[in-house]
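Fold and geometry: a report
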Amino acid sequence: MSTIQVPSLSGPLTRLQAVSVMAQAQDWLAQAAQKSQDEPLVVDLSSLTQVDTTALAVLLGLKRMASRLHCQLTYAGAPRPLLALARLSSVDQLLELA
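Residues numbered from 1 in each chain as written. Predicted model: local features only at pLDDT ≥ 70, side-chain atom pairs only at ≥ 80, totals over all residues. Heavy atoms only, no water.

Moving on, we come to the overall build of the chain. Counting secondary structure elements, the chain contains four helices and five strands. N-terminal to C-terminal, the α/β element order of the chain is β-β-α-β-β-α-β-α-α. A globule of 98 residues ought to have a C-alpha radius of gyration of about 13 Å, and the chain, at 12 Å, matches this closely. Overall, the chain is about 35 × 25 × 20 Å in size when its C-alpha atoms are taken along their principal axes. Relative to its full complement of 98 residues, the chain shows a buried share of 45%. For the chain, the proportion of contacts with a sequence separation of at least 24, taken over those separated by at least 6, is 79%. (Helix = DSSP H or I, 4+ residues; strand = E, 2+ residues; numbered from the N terminus. Rg over C-alpha atoms; globule rule 2.2 N^0.38 Å. Buried < 20%, exposed > 50% of the residue type's maximum accessible area, 1.4 Å probe, protein only. Contact = heavy atoms within 4.5 Å.)

Structure below.
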């Protein structure tokens, strides 16, 4: 099974960026979902430079959006601080961070 690469998330992802990231994501996620044809969408997180717990909420929100669009969304390249926050918050399995 192949995957479809969608825009990566880069720079800081904190409460200051959450609203704009979610607004932008609605557009590219809807476009990617139309093209996916049952192939998972992959969001690269390796360029995130700063995260807080808001990042987890954003990533969960993106998963919910994808689910409503009937597509699978996965994450790749999660930085260590994000992985640590996900484990502490017990959402690491929900997000399936890699």
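So much for the structure itself; the text now carries on.
Once that is clear, we can look at helix 1 (residues 18-36). Along an α-helix, a turn takes 3.6 residues, which lines up residues three or four apart on a common side. End to end, helix 1 covers 25 Å across 19 residues, agreeing with the expected 27 Å (1.5 Å per residue, within 8%). Where helix 1 bends most, at alanine 25, the angle is about 25°. Within helix 1, the full set of buried residues consists of Ala18, Val21, Ala25, Trp28, Leu29, Ala32, Ala33 and Ser36. Phi for aspartate 38, located one or two positions after helix 1, is positive at around 70°. (Expected span 1.5 Å × (residues − 1). Bend = angle between axes of the 7 residues up to and from the residue.)

As a further point, take the nonpolar core. Grouped together as the largest cluster of nonpolar side chains are 32 residues, with contacts concentrated most on Leu9, Leu45, Leu59, Leu62, Tyr75, Leu82 and Leu97. Secondary-structure elements contributing two or more residues to this core are helix 1, strand 3 (41-44), strand 4 (47-51), helix 2 (53-68), strand 5 (73-76) and helix 3 (80-88). Setting aside residues up to four positions removed in sequence, leucine 45 forms contacts with Leu9, Leu59, Tyr75, Ala76, Gly77, Ala78, Pro79, Leu82 and Leu97. (Core = buried A, V, L, I, M, F, W, Y, C linked by side-chain atoms within 4.5 Å.)

A few words now on the pattern of salt bridges. Per the counting criterion, the structure on display carries one salt bridge. Put simply, lysine 63 and glutamate 96 hold a salt bridge, and the shortest N to O gap is 3.7 Å. You can see lysine 63 sitting in helix 2 and its partner glutamate 96 sitting in the segment after helix 4 (92-95), a full 33 residues away along the chain. Owing to a relative accessible area of 17%, lysine 63 belongs among the buried residues under this scheme. (Salt bridge = Lys/Arg side-chain N within 4 Å of Asp/Glu carboxyl O.)

This part takes up helix 2. Helix length check: helix 2, at 16 residues, gives a terminal C-alpha distance of 23 Å against a target of 22 Å (1.5 Å per residue), a fit within 8%. Of the positions making up helix 2, those classed as buried are Thr54, Ala55, Leu56, Val58, Leu59, Gly61, Leu62, Lys63, Met65 and Ala66. Those residues of helix 2 that are buried lie in contact with strand 2 (10-13), helix 1, strand 4, strand 5, helix 3 and helix 4. Its side-chain oxygen 2.8 Å from the backbone nitrogen of threonine 54, aspartate 52 forms the N-cap of helix 2. A positive backbone phi angle near 60° is found at histidine 70, which sits one or two residues after helix 2. (Polar contact = N/O pair within 3.5 Å; in protein donor to acceptor, adjacent residues only side chain to side chain.)

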